[in-house]
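Fold and contact review
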Amino acid sequence: MKGIVLKSTGKFYKVKLENESVIEAQLKGKIRLLDLDVTNPVAVGDVVLLEKSDKTWMISKIEDRKNYIIRISPKKKFLNQIIASNIDQAVLVITLSKPRTSTGFIDRFLLTAESYHINTIIVFNKQDDLSNKDQTKQNELADLYQGIGYEVLFTSAIKKQGVEELKQKMKEKTTLLSGHSGVGKSTLTNAVDSTLNLKTKEVSKKFSKGVHTTTHAEMFSLPFGGNVIDVPGIKEFGIAHLDKYEVADYFIEFQAKAANCKFSDCLHINEPKCKVKEAVDEGEIHVERYLNYLNILDSLEEQKEY
Ligand code: GDP
Ligand code: ZN
C-alpha cells in the first residue's frame, strides 16, 4: 500500500493512504537511508510503501524524492534534517507592516527556494489594511519582484479578496506555505478552505511555545485537490547547503549578467569588469537585491567559521 507522510513525530508517522484514510505508521527495521547525512529518514511529503504486520502499519520503502528542503539539525550540528519533500511550489505570504517583512527576508527565502528548484508565488496579504506609505512601498516591491519573474498576488484574507485566485494556484499542487508569524497564513488558508485553519493554528501554537524551537512540518490535504505544507519557524530553514559561489545562480535576474563577467568565478563584489555590478549601477538590477545578496555572502562566511 502506498501513502504520503503528513507528519512525523519521532517514532511515529502520520500517513495518508491511497484510499484517503489516515493511519499511524512506524519504520520497518533499518530502512535504506538515502545517501544523506540526515537525522530523519522519513520526511513530511515522502511517498512511502507500507505493510501491515499484526495491527501495525510499517513503512518499508521511501520512494525517490522529487526534491526536499533541509536545514542543519538543531540537535546534531553536523547533520541535516529534511523538513519536507516533493514540493511543487512555495507561497510566501508577506505584509508591509503588522508585521513588517523585509526584502532581506524575502530574498533569502527566494534564494533558498530557487536552490531547491521550487517556484515561489509572493502573496501580499492584508490589502484591506494598507497605509498610503505601505501602498507605495508595496507597489515598488510588487514591481521589483514581478519584474524579475516572480508571480505576485494581492489578498485580503478577511475581505476574501484574491482568495479565489490563490485557491486556483494551489489546486492539485503541494504548496509550501511560508511567511512571518502574524502575516495571515492561517486566516488565508482558512479563507481558501475552511477545514484547514484550526489545524494550522494548533500546530504553530503548540510548537512555538516548546523549549526546543524545532521545525515540525505538517501537511494538510486540500479537499479540492493538492496539499499545503505548514512549517512553523520557517525562518530558520537556511542556506547552509549553499556554497558562496552558488548564491548568484539563484538570484534569478543575476544569471544573464553573471555569464559575461570577466572572471568565471566572479562573486560580484568588487572584481573588475563585473557585469552584475555594472547592471546594478545602471539600475537594471535593483540595488536592494544586490545589497541583500552581499549580506547573504557575508552570513555564509560567518557560518563557515564555526
Ligand atoms: P499567521 O501567524 O501567519 O498564521 O497569521 P494569522 O492567520 O494567525 O493572522 C494574524 C492576525 O492577522 C490575526 O489577527 C488575523 O485576524 C489578522 N489577519 C490575517 N489576514 C488579514 C487580512 O487580510 N487583513 C487584516 N486586516 N487582518 C488580517
Ligand atoms: Zn561579476
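Definitions and cut-offs
Residues numbered from 1 in each chain as written. Chains lettered and ligands numbered in written order. Predicted model: local features only at pLDDT ≥ 70, side-chain atom pairs only at ≥ 80, totals over all residues. Heavy atoms only, no water. Core = buried A, V, L, I, M, F, W, Y, C linked by side-chain atoms within 4.5 Å. Buried < 20%, exposed > 50% of the residue type's maximum accessible area, 1.4 Å probe, protein only. Helix = DSSP H or I, 4+ residues; strand = E, 2+ residues; numbered from the N terminus. Contact = heavy atoms within 4.5 Å. Phe/Tyr/Trp six-rings, centres within 6.5 Å; stacked < 30°, edge-to-face > 60°. Lys NZ or Arg CZ within 6 Å of the ring centre and 35° of its normal. Axes fitted to C-alpha atoms, helices over the stretch in contact; angles between N-to-C directions. Parallel < 35°, antiparallel > 145°, perpendicular 65-115°, else oblique. Nonpolar A, V, L, I, M, F, W, Y, C, P; charged D, E, K, R; others polar. Donors = N, O, S within 2.8 Å, 3.2 Å for Na, K, Ca; no water. Near = heavy atom within 4 Å. Polar contact = N/O pair within 3.5 Å; in protein donor to acceptor, adjacent residues only side chain to side chain. Areas by Shrake-Rupley, 256 points an atom, 1.4 Å probe, with all protein chains shown as cover. pLDDT = per-residue confidence, 0-100. Salt bridge = Lys/Arg side-chain N within 4 Å of Asp/Glu carboxyl O.

Now for the nonpolar core. By size, the foremost hydrophobic cluster in this structure holds 35 residues, and its most contacted members are I69, I122, F124, Y145, L176 and I229. Among the elements that make up this core, the one with the highest residue count is helix α1 (residues 103-115) (five residues). I229 has contacts with V44, A84, S85, I87, T174, T175, L176, L177, A217, E218 and M219, leaving out every residue within four places of it along the chain. With 21 residues, the next largest nonpolar core counts I239, L242, A248 and A279 among its residues.

Attention shifts here to the packing of aromatic side chains. Taken as a whole, this structure holds five aromatic pairs when the rule is applied. Between F124 and F154, the ring centres sit 5.5 Å apart and the planes meet at 25°, which makes this aromatic pair stacked. A residue pair is termed long-range when its members are at least 10 positions apart, and F124 in strand β9 (residues 119-124) and F154 in strand β10 (residues 151-154) qualify at 30 residues. F124 sits in the buried class, given a relative accessible area of 0%. Consider the rings of F254 and Y293, whose centres lie 5.3 Å apart with planes at 70°: the pair is edge-to-face. Remark: Y293 occurs in helix α8 (residues 287-304) and F254 occurs in the loop between β13 (227-230) and α6 (255-258); sequence separation between them is 39 residues. Looking at Y293, the relative accessible area reads 1%, which means it is buried. Between the NZ or CZ atom of K167 and the centre of the ring of F224, over which it lies, the distance is 4.9 Å.

As a further point, take the packing of helix α3 (residues 163-170) against helix α4 (residues 185-192). Running from N to C, α3 and α4 point in directions that differ by 80°, and their axes come no closer than 9 Å. When the axis of α3 is compared with that of α4, the two are roughly perpendicular. Along its contact with α3, which presents V163, L166, K167 and M170, the element α4 presents L188, A191 and V192. Looking at the contact of α3 with α4, its residues break down into six nonpolar, no polar and one charged.

Around a metal, the perfect tetrahedron of four donors has angles of 109.5 degrees, and the perfect octahedron of six donors has angles of 90 or 180 degrees. Of the protein atoms, only C261 (SG), C266 (SG), H268 (ND1) and C274 (SG) coordinate the zinc ion (ligand 2), at distances of 2.1 to 2.4 Å. The sequence pattern describing where the donors of the zinc ion (ligand 2) fall on their chain is C-x4-C-x1-H-x5-C. Note that C261 is positioned in the loop between α6 and α7 (275-281) and C274 in the loop between α6 and α7, a separation of 13 residues in sequence. Across the pair, exposure class does not vary: C261 and C274 are buried alike.

Lining the immediate environment of ligand 1, one finds 16 residues, of which D128, G182, K185, S186 and T187 sit closest. N125 is positioned such that a nitrogen or oxygen atom in its side chain is 3.2 Å from a nitrogen atom of ligand 1. In this structure, K185 approaches ligand 1 through a main-chain N or O atom, which is 2.8 Å from an oxygen atom. Contact with the protein chains removes 74% of the 580 Å² of surface that ligand 1 exposes when unbound. With three residues, α4 is the largest single contributor of residues to the shell around ligand 1. Residue composition of the shell around ligand 1, by class: three nonpolar, eight polar and five charged.

Tracing the sequence through the fold places K277 in helix α7. Residue K277 is classed as partly exposed on the basis of its relative accessible area, which comes to 30%. Considering only alpha carbons, one finds K277 and A258, 19 residues apart in sequence, at a separation of 9.3 Å. Among all residues touching K277, those that are not within four sequence positions of it are H268, I269, N270 and Y290.

Moving on, we get to the confidence of the model for the protein chain. Counting all residues, the mean pLDDT for the protein chain is 87, and 86% of those residues have values of 70 or more. Counting contacts from residues 200-214, a segment whose pLDDT is below 50, to residues more than four positions away or on other chains yields 20 contacts.

Attention now moves to the pattern of salt bridges. Applying the stated criterion across every chain yields a total of 15 salt bridges. For the salt bridge of R65 with D46, the shortest nitrogen-to-oxygen distance reads 2.7 Å. Note that R65 is positioned in the loop between β5 (56-62) and β6 (68-72) and D46 in the loop between β3 (22-27) and β4 (47-53), a separation of 19 residues in sequence. Side by side, R65 and D46 carry an identical accessibility label, which is buried. A salt bridge links K98 to D129, with the nearest nitrogen and oxygen atoms 2.9 Å apart. Within this pair, whereas K98 is found in the loop between β8 (89-94) and α1, its partner D129 is found in the loop between β9 and α2 (132-147), the two being separated by 31 residues in sequence. Residue K98 is classed as exposed on the basis of its relative accessible area of 51%.

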